[in-house]
Amino acid sequence: MSKIQKIEPIVLGERTGPATWASLMILVRVETSDGMVGYGEAVPTLRVGPVVESIKEVSKVYVGREASDIEVSMKEWEKHDFYLHSSFESTTALSAVDIALYDILGKYLKQPVYKLLGGKSREKILVYANGWYSNCKSPEDFAEKATEAVKKGYKGLKFDPFGDQWDSITADALKKASEIVKSVRDAVGDNVYLMIEHHGRFNAESAVKIAQELSQYDPLFMEEPVHPWNMMALRDYRAKTSVRVALGERIISKEQGLEFLSEDLVDVFQPDICNIGGFTELKKFLAMTEAYGKLLAPHNAFGPVQNAATIQFDAWAPNLLIQESFYDYFPEWKRRLIKDGTPVVNGYYEVKDGPGLSINIDEGMIDEYRTTGQEEFNPEEPVWVVRGTWSPRTI
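To keep things clear, this report deals only with the structure shown in the data block. Remember, it's a predicted structure, so these values are computed and weren't measured experimentally.

Cut-off values and rules
- Within each chain, residue numbers correspond to sequence positions counted from 1 in written order.
- In keeping with the predicted nature of the model, local features appear solely for residues at pLDDT of at least 70, side-chain atom pairs appear and are counted solely at 80 or more, and the whole-chain, interface and lining totals rest on all residues.
- Side-chain descriptors were evaluated using all non-hydrogen atoms of the structure, hydrogens and water having been removed beforehand.
- Throughout this description, the term nonpolar core refers to a set of buried Ala, Val, Leu, Ile, Met, Phe, Trp, Tyr and Cys residues connected via side-chain atoms within 4.5 Å.
- Relative accessible area decides the class of each residue, using a 1.4 Å probe on protein chains only: under 20% of the type maximum gives buried, over 50% gives exposed, and in between gives partly exposed.
- The contact definition used throughout considers only heavy atoms, calling two residues in contact when any of these lie within 4.5 Å.
- Just to be clear on terms, a salt bridge is a Lys or Arg side-chain nitrogen sitting within 4 Å of an Asp or Glu carboxyl oxygen.
- The way it works is that DSSP assigns letters per residue, a run of H or I at least four long becomes a helix, a run of E at least two long becomes a strand, and they are numbered from the N terminus.
- Pairing between two strands requires that DSSP report at least two bridges joining them.
- To define axes, lines are fitted to C-alpha atoms, for helices over the stretch in contact only, and angles between the resulting N-to-C directions are given on a 0 to 180 degree scale.
- Should the near helix be turned anticlockwise from the far one by less than a right angle, the crossing is termed left-handed; should it be turned clockwise, right-handed.
- Consider the strands pointing away from the viewer: the crossover is right-handed when the path from the first strand over the helix to the second runs clockwise.
- Side-chain atoms alone can form a polar contact between residues adjacent in sequence; in general such a contact is a pair of N or O atoms within 3.5 Å, and within protein one must be able to donate a hydrogen while the other accepts it.
- His is not counted here, nor are the chain ends, while Lys and Arg score as positive and Asp and Glu score as negative.
- Directions from the helix axis toward the C-beta atoms define the arc.

1. Notes on the nonpolar core
When a protein is soluble and globular, its nonpolar side chains tend to lie buried together. Of all hydrophobic cores here, the largest spans 124 residues; its most connected members are Y62, W132, L157, F159 and F279. The contacts of L157, once residues within four sequence positions are left out, are Y128, A129, W132, A146, A149, V150, V184, V188, V192, Y193, L194 and M195. With 10 residues, the next largest nonpolar core counts Y128, M195, F221 and A246 among its residues.

2. Observations concerning the pattern of salt bridges
Under the criterion given, the structure shown has 31 salt bridges. E66 is the salt-bridge partner of K3, the closest N and O atoms lying 3.1 Å from each other. With a gap of 63 residues between them, K3 in the segment before β1 (4–13) and E66 in the loop between α1 (48–62) and α2 (70–80) connect regions that are remote in the sequence. The salt bridge partner of E71 is K284, with a shortest N-O separation of 2.5 Å.

3. What to know about the environment of K334
With respect to the helices and strands, K334 occurs in helix α12 (residues 332–337). Between the alpha carbons of K334 and V345 there is a distance of 18 Å; along the sequence they are 11 residues apart.

4. Here's the deal with the sheet that holds strand β2 (residues 24–32)
Strand order in the open sheet made by the three strands is β1-β2-β3, with antiparallel pairing throughout. Only two strands of the sheet have a single neighbouring strand rather than two, namely β1 and β3 (37–42). When strand polarity is set aside, the average angle formed by the axes of neighbouring strands in this sheet is 25 degrees. Bridge analysis of β2 against β3 gives six bridges, and the strand direction is antiparallel. Looking at the pairing, V30 lines up with G38 of β3. Along the sheet, helix α3 (residues 88–109) makes contact with β1, β2 and β3, crossing β3 at roughly 155 degrees.

5. Details of the packing of helix α5 (residues 139–151) against helix α6 (residues 171–188)
Packing of α5 against α6 leaves a shortest axis separation of 8 Å and a crossing angle of 35 degrees. Here α5 and α6 pass one another in a crossing that is right-handed. From α5, P139, F142, A143, A146, T147 and V150 reach across to α6, where they touch E179, I180, S183, V184, A187 and V188.

6. A short note on the pairing of strand β6 (residues 193–197)
Strand residues, when the strand is regular, have side chains that alternate between the two faces of the sheet. β6 sits mainly inside the fold: four of its five residues count as buried. One ladder, built from four bridges, connects strand β5 (residues 156–159) with β6; its direction is parallel. Bridged to G156 within β6 is Y193. A crossover links β5 with its parallel partner β6, the connecting element being α6, and its sense is right-handed. As judged from the three bridges shared by β6 and strand β7 (residues 221–223), these two strands associate in the parallel manner. Paired with M195 across the two strands is F221, which belongs to β7. Traced from β6 through helix α7 (residues 204–214) to β7, the parallel crossover comes out right-handed.

7. Some details on α7
Residues three or four positions apart in an α-helix share a direction because the helix packs 3.6 residues into each turn. Turning to α7, its buried residues are A204, S206, A207, V208, I210, A211 and L214. Looking at the buried positions of α7, the neighbouring elements they touch are α6, β6, β7 and α8 (231–240). Capping the start of α7, N203 holds a side-chain oxygen 3.3 Å from the backbone nitrogen of E205, two or three residues further along.

8. Notes on the side chain of E41
One can find E41 in strand β3. As a buried residue without a salt bridge, E41 has its nearest oppositely charged side chain in K334, at a separation of 5.6 Å. Engagement of the side chain of E41 in a polar contact is seen with the backbone nitrogen of G303, the distance being 2.9 Å. One polar contact links the side chain of E41 to the main-chain amide nitrogen of V305, over a distance of 3.2 Å.

9. Re α2
What α2 keeps buried is the set I70, S73, M74 and W77. Along the long axis of α2, the arc covered by the buried residues comes to 100 degrees, so they all point the same way. For α2, the elements touching its buried residues are α1, α3 and α10 (278–291).

10. Section: the side chain of S90
Its location among the elements puts S90 in helix α3. Here S90 is in contact with S54, W77, D81 and L84, once residues within four sequence places are set aside.

11. Overview of unusual backbone geometry
Backbone geometry places H199, a non-glycine residue, at a positive phi of 60 degrees. Its place among the elements puts H199 in the loop between β6 and α7. Here the phi dihedral of D264 falls at roughly 55 degrees; this positive angle occurs in a residue that is not glycine. For D264, the location among the structural elements is in the loop between α9 (254–262) and β9 (268–269).

Following this line, the structure appears as structure tokens:
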């Protein structure tokens, strides 16, 4: 097989969409000496510049090596990168290149990536909608948009009902959050999965109060209920609640994930293929979760190449529970970038059998949307919330 000739990070963007983080994407284009091209994607969230530079550093090890030596090349970079397992910038750069190399290998072998992983476990992938509730503040707002999403065919909805609460939650804010979740449950009925996004914003005491109040609405899981840096808080939450706990998008190595597995702190893991090390490391982490009897619901909130890679992974993943999707709530240009290649059909992704990631990039759009800089910074609303939902805090 041919050698890696060029690795190019490409920042694309248009500052619109349901969330600030969705306005840009970092596409990674890998080209081999015989002209074959593969694509990956890195995570931008307020780190565009450092991530682009990290991709350039990673390329120093990968360029000139055999394109098929995917894990061997990753181990070589691990040797050089002193802070790899504590650097998001490095792991997302490495992930993007790994995804692109799997895309190339699949194209070379004329097989979809899922066959390289072990075969197809399912013909279609159950998804839940995220990003559907932009500009929602009242229970009525949430109920109206939830109804619209279910009419599209979605059988699961995830949302953050906590306004601008941070660290702690007031009694009034908890009451309003409960009213919001109740309004969504009443609007969509009992046969739609609801998942409560906390965005890792609460201390243990507040998170426990939230679980006690919202558990009556039968959530499928509570996502990142406590601050991600506070393992003691997660242990406390686990001991005092009976709800299903989900997290994982901030896990950047399988070793980090082992900490949560070994203490039985999580029920549903949400690793991100663009954070943890691409297909190479995500497949290893899945084996670990399977050994512990845990389920997966991979994080998937950025761009269409990440989405395509996640679909290929899910097609194989034996312990998949459900898959996050922003597809219908992406900025429109992101769907066009892959020629609308991964639509949600009646609440499912259909598994495509084309070579590699099974998508076709519209390369003419790359120059049209090429940009520089990073996402807009809004001091009134954090980059990680769905746009227009950070309502004024009440004391």
